[in-house]
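This is what each chain is made of:
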Amino acid sequence: MSGNIKVYNFMGLRKLATIFSLLLLLVSIGSLATRGLNLGLDFTGGSLVELGYEKEANLNDIRSQLNAAGFEGAVVQTFGAPTDILIRLGSDHDPKLGDKVLAALQQDGGQNIELRRNEFVGAQVGEELREQGGLGMLLALFMIMLYVAFRFQFKFSVGAVVALGHDVLIVVGFFSLFQIEFDLTVLAAVLAVIGYSLNDTIVVADRIRENFRKLRKETSMEIMNISLSQTLSRTLITSITTLLVLVALAMFGGEMIHGFAIALLVGVTVGTYSSIYVAANALIMMGICKEDLIPPPKDDQEAVDELP
């Protein structure tokens, strides 16, 4: 019934996968509880220094000079033109900070640099926005549950939300464990991971529902294996092509989107794994069966069948 596609025994490894997922979640939650996140300037605020160069500036050289001068963790980016440089520092505001940065960058005597601005900038993500963002995330997960329950079945909605929570916790835990800076670009990547993971889970769920209605003799475990095998090539091809782009972005995209690319690399990898093992595994744990998905016979048809 599964055509010419080779059926792999994915569910045979479901207990091992459950232990693996629990270990990843424990490490992530433990790291978040003990180490926290290395929040970027978008969340903490800091000082802003704007400089004007005579010629196009090399951002990597500026970062190296600032690190050597003790301004570690500075965010350096162009501001409009390649000669206009914006430097964001996590240190408290100092009226002489601009002069100190200027002196550090002029030590090599390469070109004249003009100090244009030195001011304190507040966090772009304040306490109120964090709370509203958290509530918005919970509301989004609830709406996803409603949609999947309406479109498929309640057990599918629980499986989808469990997979989404699994993916987001592991991505955020990865940033906490390795203390990679967590800024707004990373937050955007986490939201993108939710969309990617949900899309992958819905594709697999659609095939599982179709097979539950079509295959009447197979057990739930066999239907899961058949469904996952049928969608395996699509899942792998989509994930691998996406990962290739993300690897290129992480290696050559520059510092500004490095965190974004790393978050998506981890998220797409974990999302691919969760679409195979977490969502389907959750359905098996909840005892999904044919009766959950086969529509009941219509009353009119029953009445016709009862006629002599």
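This structure is a prediction, so every number in the text was calculated from the model and none was measured.

About the cut-offs
- Residues numbered from 1 in each chain as written.
- Predicted model: local features only at pLDDT ≥ 70, side-chain atom pairs only at ≥ 80, totals over all residues.
- Heavy atoms only, no water.
- Salt bridge = Lys/Arg side-chain N within 4 Å of Asp/Glu carboxyl O.
- Helix = DSSP H or I, 4+ residues; strand = E, 2+ residues; numbered from the N terminus.
- Buried < 20%, exposed > 50% of the residue type's maximum accessible area, 1.4 Å probe, protein only.
- UniProt positions renumbered as here; feature names shortened; annotations may be inferred.
- Axes fitted to C-alpha atoms, helices over the stretch in contact; angles between N-to-C directions.
- Parallel < 35°, antiparallel > 145°, perpendicular 65-115°, else oblique.
- Left-handed = near helix turned anticlockwise from the far one by under 90°.
- Contact = heavy atoms within 4.5 Å.
- Nonpolar A, V, L, I, M, F, W, Y, C, P; charged D, E, K, R; others polar.

1. Structural notes on the pattern of salt bridges
Any two side chains of opposite charge can pair, so long as their charged atoms come close to each other. Tallied over the full model, the rule gives seven salt bridges. With a closest N to O distance of 3.0 Å, Glu50 and Arg117 form a salt bridge. Residue Glu50 is found in strand 2 (residues 46-53), and its partner Arg117 is found in strand 5 (residues 113-121); the two are separated by 67 residues along the sequence. In this structure, Asp206 and Arg209 form a salt bridge, with 2.9 Å as the shortest nitrogen-oxygen distance. In this pair, Asp206 and Arg209 both sit in helix 7 (residues 184-214), three residues apart, roughly one turn of the helix. For Asp206, a relative accessible area of 33% corresponds to the partly exposed category. Classification of Arg209 as buried rests on a relative accessible area of 11%. A network of salt bridges, in which partner residues are shared, links Asp84, Glu114 and Arg116.

2. A few points about the UniProt feature "transmembrane region" (unreviewed entry) in the protein chain
The sites that UniProt annotates as "transmembrane region" (unreviewed entry) are residues 133-150, 157-178, 184-205, 226-251 and 257-280. The distance from the first to the last C-alpha atom of residues 184-205 is 32 Å, and the span holds 100% helix and 0% strand. In the segment residues 226-251, helix accounts for 100% and strand for 0%; the C-alpha atoms at its two ends are 37 Å apart.

3. Topic: the packing of helix 6 (residues 154-177) against helix 7
One can describe the packing of helix 6 onto helix 7 by two numbers: an axis separation of 9 Å at closest approach and a directional angle of 150°. One finds that helix 6 runs roughly antiparallel with respect to helix 7. The crossing of helix 6 and helix 7 is right-handed. The segment helix 6 lies against helix 7, with Phe156, Ala160, Ala163, Leu164, Asp167, Val168, Val171, Val172 and Phe175 engaging Val186, Val190, Val193, Ile194, Ser197, Leu198, Thr201, Ala205, Ile208 and Arg209. When its residues are assigned to classes, the contact of helix 6 with helix 7 shows 15 nonpolar, two polar and two charged.

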